[in-house]
Number of protein chains: 2
Amino acid sequence: MVKKAIVLLSGGLDSATCLALAKRRGFEVYALSFDYGQRHRCELEAAHRVAEALGATAHRIFNMDLSQWGGSALTDRSIDVPVDEAAEGSDTIPVTYVPARNLVFLSLAAAWGEVLGAHDLFIGVNNVDYSGYPDCRPKFIEAFIAAADAGTRAVDEKWHWRVHTPLQNLGKKEIIELGISAGVDYSLTVSCYDPDPTGAACGHCASCLLRRAGFAAAGVPDPTRYRAQGRGE
Amino acid sequence: MVKKAIVLLSGGLDSATCLALAKRRGFEVYALSFDYGQRHRCELEAAHRVAEALGATAHRIFNMDLSQWGGSALTDRSIDVPVDEAAEGSDTIPVTYVPARNLVFLSLAAAWGEVLGAHDLFIGVNNVDYSGYPDCRPKFIEAFIAAADAGTRAVDEKWHWRVHTPLQNLGKKEIIELGISAGVDYSLTVSCYDPDPTGAACGHCASCLLRRAGFAAAGVPDPTRYRAQGRGE
């Protein structure tokens, strides 16, 4: 029997790679995206293209408004997204952190997974580039598994959730190399924190800086569509 | 400084009691309800009345559609709510269990709490009446706290989440007695799993049976409005 997995799919580079890896490992993939009030909503169109291109069995966009309580530059338009400031190696929590986001996202993935009988969840968290996000660290993932095990049918039916984080210890260069080997077309993805309405990247947020450096380091032409005035070159 | 707490408020008997207890302990209360596709949506009007009557500082209804993946009699109209079948003492998970519901609800409470600076969450889970729900058990609550501690600002700022479950070990009779001493007007609440559109209770679901027995045991007149043909007396 083919095993099912839920893959959290933002439409960015990391989650697209995750989806390709889940497919390569033989899972039937159910992609889950969130329309949560993020300013970079063209991500969702990217997610749709990626899910289709990589052969997800289903793609669902879950609506909920995390912007209603604000607290992050990604959902609150009164907080600016920092420009030309790499998050790499930072020890403080960046303003682009969305409170409890991965806790909420994984919880909803577990809810869908429980109904589908998909006990494998994939999330593209990464500890190398963004050490500042608490909800991307291995300790959180482990603690989440324990909470999901205790609070769902898993505990009574004696099975365990598996949360796969295949990118946890990889740099952007390695992620890109891995993704290309697994068939990801990165031109379909959007990583920018502050893209224009057409999905063109700003070229200056922490996410753009990392992504661009990743392609350069991997020696792969950067397929990102930058907006004309935003490229800064 | 007055401490803030988030109280998960369904509009039912237990969560109303929780809210009153949080107020009595001196918290400034932020009530959080979910419009998640439940069939008993008149609960939300009840929640609004309860929040107002008990002096919540704010009441927020968070919209998200958990019915889209089904899996529960409370969200999926193709699954019937059982009648005249008490859940009490049951060891199997009832069909009214909503997959990962309290994991999702508490995660969203933590998200709002993180923005508000409210590190105390109240939830009216109870281990006596509904032992069949995994997400109402103390082990889940403990595991959730560990996950929230690891996946939010708590870990970097060196504080801890507190999840208060003041009803955990009480029977319905004791909950009602406690609530009345704390000023709850139970006529404002709706507990029924399958009320009619006016909010009148069916009188026959597991929740109605427990609630009615609780009032009888407490020797308090039952203020519940039952629908005419549903009372079955």
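Residues numbered from 1 in each chain as written. Chains lettered and ligands numbered in written order. Predicted model: local features only at pLDDT ≥ 70, side-chain atom pairs only at ≥ 80, totals over all residues. Heavy atoms only, no water.

Student: In this structure, what is going on with the overall build of chain A? I would like to understand it.
Tutor: Looking only at helices and strands, chain A has 7 helices and 5 strands in total. Traced from its N-terminal end to its C-terminal end, chain A shows the element sequence β-α-β-α-β-α-β-α-α-β-α-α. Expressed as a percentage of its 233 residues, the buried residues of chain A come to 61%. Considering only contacts in chain A between residues 6 or more positions apart, those separated by 24 or more positions represent 74%. Carbon together with sulfur atoms contributes 51% to the accessible area of chain A, which is approximately 9,000 Å² in total. (Helix = DSSP H or I, 4+ residues; strand = E, 2+ residues; numbered from the N terminus. Buried < 20%, exposed > 50% of the residue type's maximum accessible area, 1.4 Å probe, protein only. Contact = heavy atoms within 4.5 Å. Areas by Shrake-Rupley, 256 points an atom, 1.4 Å probe, with all protein chains shown as cover.)

Student: Could you clarify how one ought to interpret the pairing of strand β1 (residues 4-8) of chain B in this entry?
Tutor: Walk down a regular strand and you will see the side chains alternate between the two sheet faces. Residues and elements named next belong to chain B. Among the 5 residues in β1, 4 count as buried, and that is most of the element. With 5 bridges connecting them, β1 and strand β2 (residues 28-35) associate as parallel partners. Residue pairing across strands places Ile 6 opposite Tyr 30, the latter belonging to β2. Taking the sense of rotation as the criterion, the β-α-β connection linking β1, helix α1 (residues 13-24) and β2 turns out right-handed. Bridging between β1 and strand β4 (residues 120-122) involves 3 bridges; their strand directions are parallel. Across the sheet, Ala 5 pairs through a bridge with Asp 120, a residue of β4. (Pairing = 2+ DSSP bridges. Right-handed = clockwise from strand over helix to strand, strands pointing away.)

Student: Teacher, can you tell me more about the relation of the copies chain B and chain A here?
Tutor: Least-squares fitting of chain B to chain A yields an RMSD of 0.0 Å, with the superposition described by an axial translation of 0.0 Å and a rotation of 180°. Considering both components of the superposition, the chain copies are consistent with a two-fold axis. Taking C-alpha positions as the reference, the residue of chain B nearest the rotation axis is Met 64 of chain B, at 2.6 Å. A shared binding surface is used by both copies, with 100% of the interface residues of chain B retained as interface residues in chain A. (Least-squares fit on C-alpha atoms with pLDDT ≥ 70 in both.)

Student: How do you make sense of the sheet that holds strand β3 (residues 58-63) of chain A when you look at a structure like this?
Tutor: Sheet strands associate in pairs through backbone hydrogen bonding, adopting either a parallel or an antiparallel arrangement. Residues and elements named next belong to chain A. Strand order in the open sheet formed by 5 strands is β3-β2-β1-β4-β5, and the pairing between neighbours is parallel. Only two strands of the sheet have a single partner each, and these edge strands are β3 and β5 (162-164). Across the sheet, the mean angle separating the axes of adjacent strands is 25° when strand polarity is ignored. Summarising the sheet, strand β4 (residues 120-122) and β5 pair through 3 bridges and their orientation is parallel. Each bridged residue has a counterpart across the sheet, and for Leu 121 the counterpart in β5 is Val 163. Along the sheet face, helix α1 (residues 13-24) touches β1 (4-8), β2 (28-35) and β4 and points at about 170° away from the line of β1. (Axes fitted to C-alpha atoms, helices over the stretch in contact; angles between N-to-C directions.)

Student: What should I look at first to understand the side chain of Glu 43 of chain A in this one?
Tutor: All names here are of chain A. Note that Glu 43 resides in helix α2 (residues 42-53). Within the buried core, Glu 43 has no salt-bridge partner, and the shortest N-O distance to an opposite charge, that of Arg 101, equals 6.4 Å. When residues no more than four places from it in sequence are discounted, the contact partners of Glu 43 are Ser 10, Gly 11, Gln 38 and Val 190. (Lys, Arg positive; Asp, Glu negative; His and termini not counted. Salt bridge = Lys/Arg side-chain N within 4 Å of Asp/Glu carboxyl O.)

Student: Help me understand the interface of chain B and chain A, please; the structure alone is not making it clear to me.
Tutor: By a frequent convention, interface size equals the accessible area lost on bringing the separate parts together. Across the boundary between the two partners, chain B contributes 43 residues, which contact 43 residues of chain A. Carbon and sulfur atoms supply 67% of the area buried between chain B and chain A, which totals about 3,400 Å² over both sides. Our enumeration of links across chain B and chain A arrives at 2 salt bridges. The salt bridge involving Arg 137 of chain B is made with Asp 156 of chain A; its shortest N-O contact spans 2.9 Å. Connecting chain B to chain A are 7 residue pairs in polar contact (both at pLDDT 80 or more). (Buried area = accessible area lost by both parts, 1.4 Å probe. Polar contact = N/O pair within 3.5 Å; in protein donor to acceptor, adjacent residues only side chain to side chain.)

Student: Would you take a moment to explain the packing of helix α6 (residues 172-181) of chain B against helix α7 (residues 206-218) of chain B for this structure?
Tutor: How two helices sit against one another is set out by the angle between their axes and by the gap between those axes. All names here are of chain B. Here α6 crosses α7 at 65°, and the two axes come no closer than 8 Å. Between α6 and α7, the crossing angle belongs to the class labelled roughly perpendicular. Regarding α6 and α7, the two cross each other, and that crossing is right-handed. In this structure, α6 uses Lys 172, Lys 173, Ile 176 and Glu 177 to contact α7, whose residues at the interface are Leu 210, Arg 211, Gly 214, Phe 215, Ala 217 and Ala 218. (Parallel < 35°, antiparallel > 145°, perpendicular 65-115°, else oblique. Left-handed = near helix turned anticlockwise from the far one by under 90°.)

Student: It is not clear to me how the sheet that holds β1 of chain B should be interpreted in this structure. Could you clarify?
Tutor: Residue and element names in this part refer to chain B. An order of β3-β2-β1-β4-β5 is seen for the 5 strands of this open sheet, with the pairing classed as parallel. Across the chains shown, the open sheet's two edge strands, defined by having one partner strand only, are β3 (58-63) and β5 (162-164). Going across the sheet, the axis of each strand differs from the next one's by a mean of 25°, ignoring polarity. Sheet topology places β2 next to β3; 6 bridges connect them, and they run parallel. Bridge pairing in β3 links Ser 33 to Ile 61. Packing against the sheet, helix α2 (residues 42-53) makes contact with β2 and β3, and its axis sits at approximately 175° to β2.

Student: Would you take a moment to explain the packing of aromatic side chains for this structure?
Tutor: Two numbers describe a pair of aromatic rings. These are the distance of the centres and the angle of the planes. Taken as a whole and assessed by the stated rule, the structure comprises 16 aromatic pairs over all chains. Aromatic side chains Phe 34 of chain B and Phe 105 of chain B sit 4.1 Å apart centroid to centroid with 10° between the ring planes, which places their arrangement in the stacked category. Placement of Phe 34 of chain B in strand β2 and of Phe 105 of chain B in helix α3 (residues 101-116) is noted, with a sequence separation of 71 residues between them. Overall, Phe 34 of chain B belongs to the buried group, its relative accessible area being 4%. For Arg 212 of chain A, the ring lying beneath its charged end belongs to Tyr 226 of chain A, and the centroid distance is 4.5 Å. (Phe/Tyr/Trp six-rings, centres within 6.5 Å; stacked < 30°, edge-to-face > 60°. Lys NZ or Arg CZ within 6 Å of the ring centre and 35° of its normal.)

Student: Please explain the environment of Pro 223 of chain B as it appears in this structure.
Tutor: Within the element layout of this structure, Pro 223 of chain B appears in the segment after α7. Remark: the alpha-carbon pair of Pro 223 of chain B and Thr 75 of chain B, spanning 148 residues in sequence, is separated by 26 Å.

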